[in-house]
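Okay, here's what each chain looks like letter by letter:
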Amino acid sequence: MKKFLSSKLIFVALAFWVSHIFLRVLLLFRSNPYGFPFVSKPDWYIFHAVCLDFLWIFNSLVIFTIGAGVFQILRKKFFPNFNLKFSLSTILFTLFHSIILLVTLLDHEVQRFLGSHLSFGLVDTYKDTSSVVMFWDYVANDFSVPFLQFFVLALILPMTFGIYRLIKKFLAPRSLNVPVIAMLIFYIASYLFVYFIWTGNARMTKLRPVVSLIYNDLTNTQAASHLSESELENLGATYQNLWAKVEGDSLWNFPKTELGKKLPLYRIPSEALTQSESLLQKRAQKPNFILFFLESHRGLNVGYLNPEKPSPTPFLDSMAANSHAWFRMHTSGLPTTGGVLTTHLGLPHHSKLAEATDLAHVTLPSFASVLTDSGYTTHYFSAADPAWDNLGVWMAKWYTAEHYDRNLEDDSTFFDHTVSVILDSLSKQEKPFLATVMSRSNHYPFNFAAGMSEEDKQKPLTERIQVTMNFTDRQLARFIRKIQNESWYENTYVIIMADHGFPLGENDVSTMNGSAFSNATWIPFIIHGKGIEPAQDTITAAQIDIAPTILELAGIAVPNIFMGHNLLRGYGAGLSLGAYSKVADLGFDGYRIIDRYPLNSGEVDGLFAENDLHQTQNLANEKAETVKHLEALLDTLIRLSDYTLETGF
């Protein structure tokens, strides 16, 4: 009986594994409902998906086998005369996997439609009856195969039963020693493959099995969106007073309406601002925008930020000399997803959640969506696959078009393609345009630059990054020179920044995970264009400031939930804010604090003077009161930001 029970569990487990492989293929090799590939490189995902599903199914097999053994021991000890006519463990195992398989299908469809995994938060967001109608419309208009979901739903369990019968017919007459040994070997190989040989956090997040999603949702700490009314009121009052102090004027108001009470970050422009001569002139000008995100261009290497060192970025340095350049700009999230999303949203990254995936179902406006709604043609160009870390889902919400080609991942060919689209299409339309350009060649391990010699590829990371940054700098120069003599260029703002920096051993940190030192957060930021006077600005700033700054340049003032400030206002104080993996930082009142988050007394990574950009002198021990004050502000801002990201606009 014991041998028969084990064999049945094995057959059931293998049958469900094959069905999960079928669902993974349907997800990864099809388009999303809007006609675009769900992932641009399915070959980079499918083997990991097969391995991940085998791992958790094998784990469940072990758990149920142990449970069955314990049940048998207890039955024989306490109920020796009680015999079941059926295998309870097999029935429960089959029922468990049947439910998980159906929920997995739903999770896959949610990913195709919304870009996020199925979660309790998503169910709460879409629990009303109108969502049923929306789901029906989506299924009927699926650009892949309309109504395929219903056919799969109806047939997946019968198909699994058929697979089970085939496996049983093939394996039952034989000894199970060989398949069991093969399963153990494949389990070990799968574990090594996905966790050591070919890793990738973005891929693992996208391929996260449903059992893992449910477990994380059940064991996760209380969400920020569960703030009580009194907490929300107190935190909101502190934030609004701080925001007004940093802003330095009264051109924006925090309304005391129901929406204002629900979203303390919600602010509306005063009539004095919307009807100001300055804003009206900018709006009439209808300027274009070209925004560059330069991959991993850390401030510690950029030439104009470190004039005493040999510069790998001579062209960027020359641009900075003729632009408004900020010398104390910091990221508000890591890695690329954090930097890109925080720049668009004007909010720091969520302190706990994988924002790009976990919050893709939440409605959050960005400066790009505001420009789109204001009549701009908006295009997002990326040399790296935006589907890799789910950025494509967000950009599809905000931009009128996305551009990615896996054959154009080198900055030289990618920039050439982007320039041609701008010259041949965007600049010839009657509408003003926004072109956001995400480079790739300076990505870790800093050996992606075209034509890079084998000698350069063998150099230490600290030297290789100089080579790849210089390569991207040369491509940037070619880009600008191709457009700078065009008539429309005079009415175009060129904004150049990095998505983030990169730690290379400074402060004893060499990984992006859990770091908020300047090696990872200090980045270049310049604005070049008509009416922008050259300046070396030392105000404390962060990526959350970029959205309101761009909209100010466009002459657009609309109600928003941006935490940042217009950097061109010319008065007020400065503030920077960021949330990373279990770390957060705040720059304010001349200091920058880096702290474990959620806050844990005694675990301050550092307190530095804001002008100590290389962070050589930690002042945490001698400035205890400053640490306490900044920690309180940091906690207020991060809790409100997390709440806003989870709640939406």
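Summary of the structure given here. (Residues numbered from 1 in each chain as written. Predicted model: local features only at pLDDT ≥ 70, side-chain atom pairs only at ≥ 80, totals over all residues. Heavy atoms only, no water.)

What about the sheet that holds strand 13 (residues 583-588)?
Heads up, the rule is: At least two bridges found by DSSP between two strands is the condition for calling them paired. In this text, helices come from DSSP runs of H or I with a minimum length of four residues, and strands from runs of E with a minimum of two, each type numbered from the N-terminal end. The convention used is that axes are lines fitted to C-alpha atoms, helices contributing only their stretch in contact, and that angles between N-to-C directions extend from 0 to 180 degrees. Residue contacts are defined here by distance: any two heavy atoms, one from each residue, within 4.5 Å place the two residues in contact.
The sheet built from four strands is open, its strands ordered 12-13-14-15 with antiparallel pairing. The sheet is open, and its two borders are formed by strand 12 (575-579) and strand 15 (604-609), each paired with just one other strand. Averaged over all pairs of adjacent strands, the angle between their axes in this sheet comes to 5°, without regard to strand direction. Where strand 13 meets strand 14 (residues 591-596), six bridges bridge the pair, whose relative direction is antiparallel. By the bridge assignment for strand 14, Val-583 is matched with Arg-596. Running at roughly 115° to strand 13, helix 24 (residues 624-647) makes contact with strand 12, strand 13, strand 14 and strand 15 of the sheet.

Side note on the packing of helix 15 (residues 336-345) against helix 18 (residues 391-398)
Formally: Each angle receives one of four descriptions, namely roughly parallel if under 35 degrees, roughly antiparallel if over 145, roughly perpendicular if within 65 to 115, and oblique otherwise. For any helix crossing, the convention is left-handed if the near helix is rotated counterclockwise from the far helix by under a right angle, and right-handed if that rotation is clockwise. Residues are grouped as follows: Ala, Val, Leu, Ile, Met, Phe, Trp, Tyr, Cys and Pro are nonpolar; Asp, Glu, Lys and Arg are charged; all remaining types, including Gly, are polar.
With their axes 11 Å apart at the nearest point, helix 15 and helix 18 run at an angle of 15° to one another. Here helix 18 runs roughly parallel to helix 15, going by the angle between their axes. As for how helix 15 packs across helix 18, the hand of that crossing is left-handed. Of helix 18, the residues touching helix 15 (which contributes Thr-336, Thr-337, Val-340, Leu-341, His-344 and Leu-345) are Leu-391, Trp-394, Met-395 and Trp-398. Each residue belonging to the contact of helix 15 with helix 18 can be placed in one class, and the counts come to seven nonpolar, three polar and no charged.

Observations regarding helix 23 (residues 546-553)
Short version of the rule: A simple rule labels every residue: compare its accessible area, found with a 1.4 Å probe on the protein chains alone, to the largest value its type can have, and call it buried under 20%, exposed over 50%, or partly exposed in between.
Burial within helix 23 is extensive, with eight of its eight residues counted as buried. Taken together, the buried positions of helix 23 are Ile-546, Ala-547, Pro-548, Thr-549, Ile-550, Leu-551, Glu-552 and Leu-553. Directly after helix 23, the chain includes Gly-555, whose backbone phi takes a positive value near 75°.

What about the environment of Ser-116?
With respect to the helices and strands, Ser-116 occurs in the loop between helix 3 (88-114) and helix 4 (120-125). Exposure remark for Ser-116: the relative accessible area of 0% places this residue in the buried category. It is 8.4 Å that separates the C-alpha atoms of Ser-116 and Asn-390, two residues lying 274 residues apart in sequence.

That's the geometry; what it means functionally is another story.
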